[in-house]
Structure formats: structure tokens, C-alpha cells
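# Structural features, examined
Chain residues, written in single-letter form:
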Amino acid sequence: MQLGLIGKPNVGKSTFFKAATLRDVEIANYPFTTIKPNLGVTHVRVKCPHSELKINCNPRRGTCIDGTRFVPIDIYDVAGLVPGAHLGKGLGNKFLDDARRSKVLIMVVDATAKTDKEGNEGEGNPVEDVKFVLEEFDYWSANIIKKSINTKTKSTAEALEDGLSGLGIKRSHIESALKIKYPTGECLEFASILRKISKPLIIAANKSDSSDGTWLNKLKEMGYPVVPTSSVYEITLRKASEVGLIKYIPGASDFEIIKEINEKQKNALERIRIFLKKFGSTGVQEVLDYAAFTLSKMIPAFPVEDENKWMDGKGNILPDCILVEKGTTTKQLAYQIHTDIGNKFVKAIDGRTKKGLGANHEVEECAVIKISTRR
Ligand SMILES: Nc1nc2c(ncn2[C@@H]2O[C@H](COP(=O)(O)OP(=O)(O)O)[C@@H](O)[C@H]2O)c(=O)[nH]1
Ligand SMILES: [Mg+2]
């Protein structure tokens, strides 16, 4: 499961990416922050079940701060899109190669409207930017759709499945899209519906620290979820926290100054505090959580080896939190943990009720689960 940041150039995708993947002092135990230059690890928030035990957990990856588990998830900083990308302008192909991996799309826009469509300084229109980026996406997939239908002798759904599997588009998505009536009968129309079904979108109205907010409502009228963000503020807070100037938990609505700081630093931080008061947070973490859970319909699950103590074999409490698709069964969960555990699956045990759960039982949100295996 990956998140992808898309948008035209200069809206702050890389800055958002840096904010999201920056190692806060408290999340620093994960060794690989950046895997490739544009692929990194960020974290999404889950309420940790450890409070039910009244003892602290020992996460193997990510961390747990005051009962909030920060669970690692991959994030892509996708190359910027310019108008005409589907015709090969800019880094069109690179964009598409990255975007296909993403299950949900985070569209970063410049809420100050001070960059034109190519990302140069000038007059902009974030609503039009969202439209053209999505249009480029649709033109490009429409081309693939045309090719797959023309070259294959299979049924339409099958041909499309072959052509589009590389984009992370599933058969079920295609079937839902084929059920809809298309007034113009054009490929582009179909591509657009298919995108809406297969790649849910959230808009990060970035640079909101420097915007008067006029574009926020217009963006919201587009029907997608919109979160005002300040990626630069998130970076400042994480860095200040890393060097011990402040106590700040990513996504929080406030921070605490814990060291002597000079007037300039204080002024900068107090400006950020005003933003947090106004919007509730810098927005970066909110976008990530929304994308990972609400949009992609993932749920967290906590596999354990000891269903009574919620430990692994080494005595670590709630060592793992894994994200699975809603509807995942206990047996599928077992396979996700390890092929061997899936193959030797006997039953699952609910760590709260201690009841046995069959192979087809759907994993519940925040379930603590032991998988029993045969030798
Ligand atoms: N004020 C403000 N500027 C930002 C923010 N995020 C990015 N920028 C600035 O926008 C410019 C483009 O940022 P960059 O991340 O390179 O954009 P990208 O081309 O979309 O990856 C840089 O000058 C950033 O400092 C933000 O949240 N607030
Ligand atoms: Mg960039």
C-alpha cells in the first residue's frame, strides 16, 4: 500500500514529501527514511490498543506516543504534471509510472494561486489545476484503454483488465465502471469514471500559511475532500522537535517550547501556533491519515503470538501493526504476515474475547489477533 503525491510543478509536493518523511526525534527508530529519492516512509496514526492492557507496547517499526501508534507506510513524490503530459510533455511517463503504484492520490495544489499551470510564478487557479491534472491522467489512461480494446480479442472487461493491471486498477473497478451509461460514449469519459472508482483523491491545499483562504471553498465545491496544509510549518515543527527546542507530536494542534530560544525563533514558532489554532494542525498528518484510512479503506490489525499477553515470542507487547484492506479474512491476514503462516493456518483467536475465529472471519478494525498454525 502506497500513497502518491501528485500535482503540477512548484505546488510543494517535494516539501510535503519531506515534511511527511522527516524523522521526528520520536519516530527516529525507523532506519530507512528514504528508500529512493522519491520514495520514502511516512507514518499514519492509529489508536494503540496497549492502553487496554495498561502497559506500554514495543513496536518493531514506527513508534507509539501517548497511546497513538505511528505506523509506517510508503509514500511517493510523483513527478510534476504539466498540460500536455499525456503527449509526452515534461516528465509525463515518469509521472505515470509512479502514479500507478498509488492506491489513493493526494493532489497537492498551491492555495495561494501564485503559480501558473507550468508552475512558474504568475497568476494561478487551483481549481483549474486540479481539473487539468486529472484530465491529463484521464487522457493518458484513455489511450491505454483504446489500445487494450483494439488489440485484444477477449471480452471488454478482460481486455481492460490486462491493459490496466499495471495501473493498480482491478477487475472489480472495471466491472463497476462498465455498468455505468456513457452519454458521449467516449473513451475519455470512461477513463474518468474508472479513475474516480479506482483512485480516490484528496486535495492538500498547500501553502495555506501564505494564502488568504479564498480558494478553499472553491476547491471544496469540487466534491473532493480538501485539507488546508502548510508543509513548511510541518518541517519547521519536526526539526524544532528533533533538536529539542519544542515538544511536538506530528499532527498535533499545539506544541510546547521546552528550551531557551531567541526572539526570532519565538516569533516564527508563534506564527505557526496561530495557524495551528486556526486550522487544527498543519494538515500534513491529517491528509496522510485520511488517505490511508478513509479513502483507501485500510484498517489496522495487531497480530500477536500470545493472545493473553498480546506479545510475540520474545515478550514484545503488540510488536506489529499491519494495515489490511477492509474485508480481509483471518486467513488472508495470516498470508499477509507470512506465506508459511498462511499455509499452516488452523484458526485465529481474538485477543480480546479469546474466542476462535474461522478462516473466513473478517478481521475487525484494530483487532488483536493470534493465528494458530499447525507444525
Ligand atoms: N509558504 C509556503 N511555501 C511552500 C510550502 N510548500 C512548499 N513551498 C514552496 O514552494 C516552492 C516549491 O516547492 P517544491 O516542494 O519544490 O514543489 P514541487 O515542484 O511541487 O515539488 C518552494 O519554494 C517551497 O519552499 C508551504 O507549505 N508554504
Ligand atoms: Mg518536486
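First things first, this report covers the structure right here in the doc. What you see is a predicted model; the values in this text were computed from it and never measured.

### Quick word on the overall build of the protein chain
If you tally the helices and strands in the protein chain, you get 13 helices and 15 strands. For 375 residues, the compact-globule estimate of 2.2 N^0.38 gives 21 Å, and the C-alpha radius of gyration of the protein chain, at 22 Å, lies within 12% of that figure. Residues classed as buried in the protein chain amount to 50% of the 375 residues present. Summarising the internal contacts of the protein chain: among those between residues at least 6 apart in sequence, 65% fall at separations of at least 24. Across the protein chain, 56 positive and 47 negative side-chain charges occur, with their mean positions spaced 4 Å apart.

### What about the environment of Ser 296?
Along the chain, Ser 296 turns up in the loop between α11 (284-295) and β11 (298-304). Remark: the alpha-carbon pair of Ser 296 and Lys 264, spanning 32 residues in sequence, is separated by 41 Å. For Ser 296, the contacting residues outside a window of four places in its chain are Met 1, Lys 103, Val 104 and Ala 291.

### Section: the site of ligand 1
Not every one of the 15 residues close to ligand 1 is listed here, only the nearest: Asn 10, Lys 13, Thr 15, Asp 209 and Ser 231. The backbone of Val 11 places a nitrogen or oxygen atom 3.2 Å from an oxygen atom of ligand 1. At 2.7 Å from a nitrogen atom of ligand 1 is found a side-chain nitrogen or oxygen belonging to Asp 209. When ligand 1 sits alone it has 580 Å² of accessible area, and the protein chains cover 69% of it. For the shell around ligand 1, the elements supplying multiple residues, two or more each, are α1 (13-21) and α9 (231-242). Per-class residue counts for the shell around ligand 1 are three nonpolar, eight polar and four charged.

### Some words on the packing of helix α6 (residues 171-178) against helix α7 (residues 187-198)
Between α6 and α7, the shortest axis-to-axis distance is 9 Å and the interhelical angle comes to 130 degrees. It follows that α6 is oblique to α7 by the angle criterion. Considering only the axes of α6 and α7, their crossing is right-handed. For the pair α6 and α7, the contacting residues are His 173, Ile 174, Ser 176, Ala 177 and Leu 178 in the first and Phe 190, Ile 193, Leu 194, Ile 197 and Ser 198 in the second. The class makeup of the residues in the contact of α6 with α7 is seven nonpolar, three polar and no charged.

### So, the sheet that holds strand β15 (residues 367-373)
Taking strand neighbours across the sheet as the criterion, the five strands line up as β12-β11-β15-β13-β14 in an open arrangement whose pairing is mixed. Each of the sheet's edge strands pairs with one partner strand only, and the pair in question is β12 (322-325) and β14 (356-357). Looking at chain direction, strand β13 (residues 345-350) and β14 are connected through two bridges and run antiparallel. Among the inter-strand pairings, Ile 349 is bridged to a residue of β14, identified as Gly 356.

### Topic: the packing of α1 against α9
Axes are the key here: two packed helices are described by the angle between their axes and the distance separating the axes. Running from amino to carboxyl end, α1 crosses α9 at an angle of 30 degrees, the nearest separation of the two axes being 8 Å. Between α1 and α9, the crossing angle belongs to the class labelled roughly parallel. In this structure, the crossing between α1 and α9 has a hand that is left-handed. Residue-level contacts link Thr 15, Phe 16, Lys 18, Ala 19 and Ala 20 of α1 to Ser 231, Val 232, Glu 234, Ile 235, Arg 238 and Lys 239 of α9. When the residues that make up the contact of α1 with α9 are grouped by side-chain class, the tally is five nonpolar, two polar and four charged.

### Structural notes on the nonpolar core
In terms of nonpolar packing, the biggest core is built from 41 residues, with Met 107, Ile 145, Leu 164, Leu 194, Ile 203 and Leu 219 touching the most fellow members. Elements that contribute at least two residues to this core include exactly α3 (92-99), β6 (104-110), α4 (126-151), α5 (156-164), α6, α7, β7 (201-206) and α8 (214-220). The element contributing the most residues to this core is α4, with nine residues. Sequence-distant contacts of Leu 219, defined by excluding residues within four places in its chain, comprise Val 109, Pro 126, Val 127, Val 130, Ile 203, Ala 205 and Val 226. Counting residues in hydrophobic clusters, the runner-up holds 39 residues, among them Val 11, Val 108, Ala 291 and Cys 366.

### Some remarks on empty space enclosed by the protein
On inspection of all chains with the given rule, the structure shows two cavities of 30 Å³ or more. The computed volume of the second largest cavity comes to approximately 30 Å³. Put simply, the parts of the chain that give the lining of the second largest cavity at least two residues each are α4 and α7. Tallied by class, the residues present in the lining of the second largest cavity amount to five nonpolar, one polar and one charged.

### Let's talk about unusual backbone geometry
At Asn 10, a residue that is not glycine, the phi angle is positive and equals roughly 70 degrees. Secondary-structure assignment places Asn 10 in the loop between β1 (2-6) and α1. When its relative accessible area of 51% is taken as the criterion, Asn 10 is described as exposed. The phi dihedral of Lys 297 falls on the positive side, at around 55 degrees, and the residue is not glycine. Note on placement: Lys 297 falls in the loop between α11 and β11. Among the residues examined, Lys 297 registers a relative accessible area of 51% and is labelled exposed.

Conventions adopted
- Residues numbered from 1 in each chain as written.
- Chains lettered and ligands numbered in written order.
- Predicted model: local features only at pLDDT ≥ 70, side-chain atom pairs only at ≥ 80, totals over all residues.
- Heavy atoms only, no water.
- Helix = DSSP H or I, 4+ residues; strand = E, 2+ residues; numbered from the N terminus.
- Rg over C-alpha atoms; globule rule 2.2 N^0.38 Å.
- Buried < 20%, exposed > 50% of the residue type's maximum accessible area, 1.4 Å probe, protein only.
- Contact = heavy atoms within 4.5 Å.
- Lys, Arg positive; Asp, Glu negative; His and termini not counted.
- Charge placed at Lys NZ, Arg CZ, Asp CG, Glu CD.
- Near = heavy atom within 4 Å.
- Polar contact = N/O pair within 3.5 Å; in protein donor to acceptor, adjacent residues only side chain to side chain.
- Areas by Shrake-Rupley, 256 points an atom, 1.4 Å probe, with all protein chains shown as cover.
- Nonpolar A, V, L, I, M, F, W, Y, C, P; charged D, E, K, R; others polar.
- Axes fitted to C-alpha atoms, helices over the stretch in contact; angles between N-to-C directions.
- Parallel < 35°, antiparallel > 145°, perpendicular 65-115°, else oblique.
- Left-handed = near helix turned anticlockwise from the far one by under 90°.
- Pairing = 2+ DSSP bridges.
- Core = buried A, V, L, I, M, F, W, Y, C linked by side-chain atoms within 4.5 Å.
- 1 Å grid on protein atoms, 1.4 Å probe; cavity = no way out; pocket = protein on both sides within 12 Å on 5 of 7 lines; lining within 4 Å.
- Points joined across faces, edges and corners; volume = space filled by probe spheres on them.

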